[in-house]
Structures are given as C-alpha cells and as structure tokens.
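Here's the letter readout for the chains.
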Amino acid sequence: MIVLLGSTGYIGSVFLRQLEQNTGHRIVTPRYQDYGERGPVFDKYTSLVINCAAFVTKPSVDLCEDQKEECIMGNLLLPFRILRACERYNIPLMHISTGCLYNGNNGGKGWSETDAPQLRFNSGAGYYVGCKQLAEQIVSKYPRVWCCRMRIPFDHLHSPRNYISKLITYPKVFDAFNSLCHRDDFVNACLSLFVMGAPYGIYNMTNPGGIWAHDIVSMLKEKVCQKHEFKFWDELDFLTKIARTPKSNCVLDVSKLLATGVKMRSTQEAVEHSIQNWDWNSCIENSRNAGPADRNTSSPSSTSESNPSPTTS
Ligand SMILES: NC(=O)c1ccc[n+]([C@@H]2O[C@H](COP(=O)([O-])OP(=O)(O)OC[C@H]3O[C@@H](n4cnc5c(N)ncnc54)[C@H](OP(=O)(O)O)[C@@H]3O)[C@@H](O)[C@H]2O)c1
C-alpha cells in the first residue's frame, strides 16, 4: 500500500494518476482534515509514503509572509509529523522539496545536492522557502527518505500553476535562465527512484540544463500565440517593486539523479514538446488548480512558487 498525501494538488494529482496507471499498489489518499491531531498515522503494511502536501499560497508564495503560522504548520510541522509517523514502522518516505534555493549556475556546473543552500531563514529567504529548506534539512536525516527537489513546474496543459501559462498571461515576463521541471517527467523520475530502489537522499529532480524565459517566449510567439505582445520586466523594477522575498533563478546539477539510471529529457526538449502539444482546455486533473482556461486574461501581477512574471520563489 502506498499512502499519497496532498493528492488533490498540482503535483499530487499527477502522482495519483501515474500511481494508478503504472503500479499495482493500493493507493490511499487521506485529506489533511482526516489526519489525527498529531498528524497522519500509517501502519506496518505501508510500503511508501509520498508527501506532496504543503501550504502553497496562490498566486504567489510571497503571500506566505501574511500567513506565517499556516506556512510553518504546513511546510515545517507537517513534514516533521509525517517523518515521525514513518519512523514508527521504518516506512520509506518520499518528500517533495524545492530546488529554489540558489541563484546562478555555479560557474557553469549547476548547484548540486552537496552545495549549501543560499536561500535559508538566516540568509534572507521568505517564510515559504525558509520553511521548505528547514524541513528538508530535518527530514533528510531520516535514513529512508528521498527528498525530491522540484522547481518551476510546467507541461502542455494551460493552467495558472503552469510556468508556460504564466509567461503568456502575466502582464510582464521576468527574463531569467532556469532549470525547470516537466510535471510528468518529475513524477515519473520520483517513482523510478522508489521502483529501482535507488539510494536514499536528497535529489535535484529538474529536467537537465536550463532555458531562458525569452527563448520560451520566442517559441510561444511562433507556435501558440502569434499575436500576443510580450512585455519584459526591467530586472531592478521587478526585484524592488514586485518581489516581496528574495528570488531564486538557478540551474541545478542533476548528475546524481542521472547516475541512478533514471532518464530525463533536457529542459529545452521538454519545453519544446509542451509547446508543440499546447492545450488551452483545462483537463479534469487541472481543473482544481487551474480555474478558467482563459487565454485572454491578463492576469495576476504576483507570483506562485515558480514566480510572478515568472522568476522563481
Ligand atoms: N508548484 C510549484 O511551483 C512547486 C515548486 C517546487 C516545489 N513545490 C512543492 O511541491 C509540493 C506540491 O505542491 P503543489 O504545487 O502541488 O501544491 P498545491 O497544489 O497547493 O497542493 C497542496 C496539497 O497539500 C494539501 N494541503 C494544503 N495545506 C495543507 C496543510 N496545512 N496540511 C496538509 N495538507 C495540506 C492540499 O490539500 P487540500 O486539497 O485538502 O487543500 C493539496 O492536496 C509541495 O511540497 C511544494 O512545496 C511546488
């Protein structure tokens, strides 16, 4: 039996679909209202707990600054309680973490799992990233955990949670070079770690390499919205007038993941494929997260985890 927490979310819903399609396991999906007073309870028949549950404010994780208590509960205390419940029966845990912990490309190498995060509570991170980073630090001490770092999810399905949709719908684009995560590729890679029995630990799980926002915009202008006029932020204006917390724009080194044998297409390839197959109609799994798929909306001025006029958290 696999317990999936946060199955209704943007990422959890893809875990649920892939688990149902690709594994013979019984899947249990408790909502957090069903957790006991001290968090969820598992039993000795649980072969894996996947934690996609988190407190993620929309449209921007900057809004966690106004809901600090909820942020601490959902992003720090909850992972801790889940960890305690796993420890009881020594159950493997897959914890979804964030890769929005760095800036730049580390001299071309990308940031690896052994590089100390630059964004932390005591180095100016906002509450969301601060809690996520601290949770990763605590949870990764458990000897049976895969901490899977995700950042800037996208795919071909138009949705307010999709980075490509944000580039289209937000009034201005923040141009930056980033490693991104194709949603299905990310989930498939996470489940492969479990299926292959890969060594436990922290894993950067983005598609390899990175891409400039302006290159995605060029592809969109060619294939998806020829008439749309894209505007770009002046970097200083954006960072001083819009962003409430320090942002992460970075490239992650995914060689640890690839060394396990997990296959991941490049960020460039995954973006091209999504744009080629762009689907304006929201699908069932998207509808909870997506809201109306209105290609004409010109949008929120602020950011989700993967950011406002999209940069990152
Ligand atoms: N999306 C991104 O840009 C991004 C980037 C990097 C990392 N991540 C991480 O990926 C994971 C999944 O994020 P997501 O984008 O799928 O988030 P999401 O769409 O907001 O879904 C969050 C899920 O957690 C549940 N939840 C919310 N508050 C909770 C609480 N206080 N206690 C327990 N469960 C709670 C929700 O359940 P209900 O339906 O019952 O409310 C929902 O199923 C999170 O760990 C997030 O930090 C996300």
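Our structure's up above, just so we're on the same page.
Residues numbered from 1 in each chain as written. Predicted model: local features only at pLDDT ≥ 70, side-chain atom pairs only at ≥ 80, totals over all residues.

(A) Representation of the packing of helix 6 (residues 213-223) against helix 9 (residues 267-276) in the model. At a closest axis distance of 10 Å, the pairing of helix 6 and helix 9 adopts a crossing angle of 25 degrees. Between helix 6 and helix 9, the crossing angle belongs to the class labelled roughly parallel. In this structure, helix 6 meets helix 9 at a crossing whose hand is right-handed. Packed against helix 6, whose contacting residues are Ile216, Met219, Leu220 and Lys223, the element helix 9 presents Val271, Glu272, Ile275 and Gln276 at the interface. Considering only residue class, the contact of helix 6 with helix 9 consists of 5 nonpolar, 1 polar and 2 charged. (Axes fitted to C-alpha atoms, helices over the stretch in contact; angles between N-to-C directions. Helix = DSSP H or I, 4+ residues; strand = E, 2+ residues; numbered from the N terminus. Parallel < 35°, antiparallel > 145°, perpendicular 65-115°, else oblique. Left-handed = near helix turned anticlockwise from the far one by under 90°. Contact = placed C-beta atoms within 7 Å. Nonpolar A, V, L, I, M, F, W, Y, C, P; charged D, E, K, R; others polar.)

(B) Layout of the sheet that holds strand 4 (residues 93-98). With parallel pairing, 6 strands are arranged side by side in an open sheet as 2-1-3-4-5-9. Where the open sheet ends on each side, the last strands, each with one partner, are strand 2 (27-28) and strand 9 (201-204). Where strand 1 (residues 2-5) lies against strand 2, 2 bridges are found, and the strand directions are parallel. Bridging from a neighbouring strand, isoleucine 2 pairs with isoleucine 27 of strand 2. In the packing of helix 3 (residues 127-139) onto the sheet, the strands contacted are strand 4, strand 5 (145-150) and strand 9, and the crossing angle to strand 4 comes to about 150 degrees. Against the sheet, helix 5 (residues 183-196) makes contact with strand 3 (48-51), strand 4, strand 5 and strand 9, and its axis sits at roughly 165 degrees relative to strand 5, the strand it touches most. (Pairing = 2+ DSSP bridges.)

(C) Just the nonpolar core, in detail. The biggest cluster of nonpolar side chains holds 85 residues, and the ones touching the most others in it are Leu4, Phe15, Val49, Ile50, Cys148, Cys190 and Met205. The element best represented in this core is helix 2 (residues 68-89), accounting for 7 residues. Residues contacting cysteine 190, with those up to four places away along its chain left out, are Met94, Cys148 and Met205. (Core = buried A, V, L, I, M, F, W, Y, C linked by C-beta atoms within 7 Å. Buried ≥ 20, exposed ≤ 12 C-beta atoms within 10 Å, placed from the backbone.)

(D) Up close: unusual backbone geometry. With an omega of 0 degrees, the peptide bond running from lysine 58 to proline 59 counts as cis. Here proline 59 shows up in the loop between strand 3 and helix 2. Within the chain, asparagine 90 stands out as a residue other than glycine whose phi angle is a positive 60 degrees. Note that asparagine 90 resides in the loop between helix 2 and strand 4.

(E) Representation of the pairing of strand 4. The buried count for strand 4 comes to 6 of 6 residues, which makes it a mostly enclosed element. Of the pairings in the sheet, the one linking strand 3 to strand 4 comprises 3 bridges and is parallel in character. The residue bridging isoleucine 50 from the neighbouring strand is methionine 94, located in strand 4. Once the chain exits strand 3 it traverses helix 2 before rejoining the sheet at strand 4, and the crossover so formed is right-handed. In the sheet, strand 4 pairs with strand 5 via 6 bridges, with the strands oriented parallel. Paired with isoleucine 96 across the strands is cysteine 148, a residue of strand 5. Crossover handedness for the path strand 4 to helix 3 to strand 5: right-handed. (Right-handed = clockwise from strand over helix to strand, strands pointing away.)

Shape descriptors only; they carry no functional weight alone.
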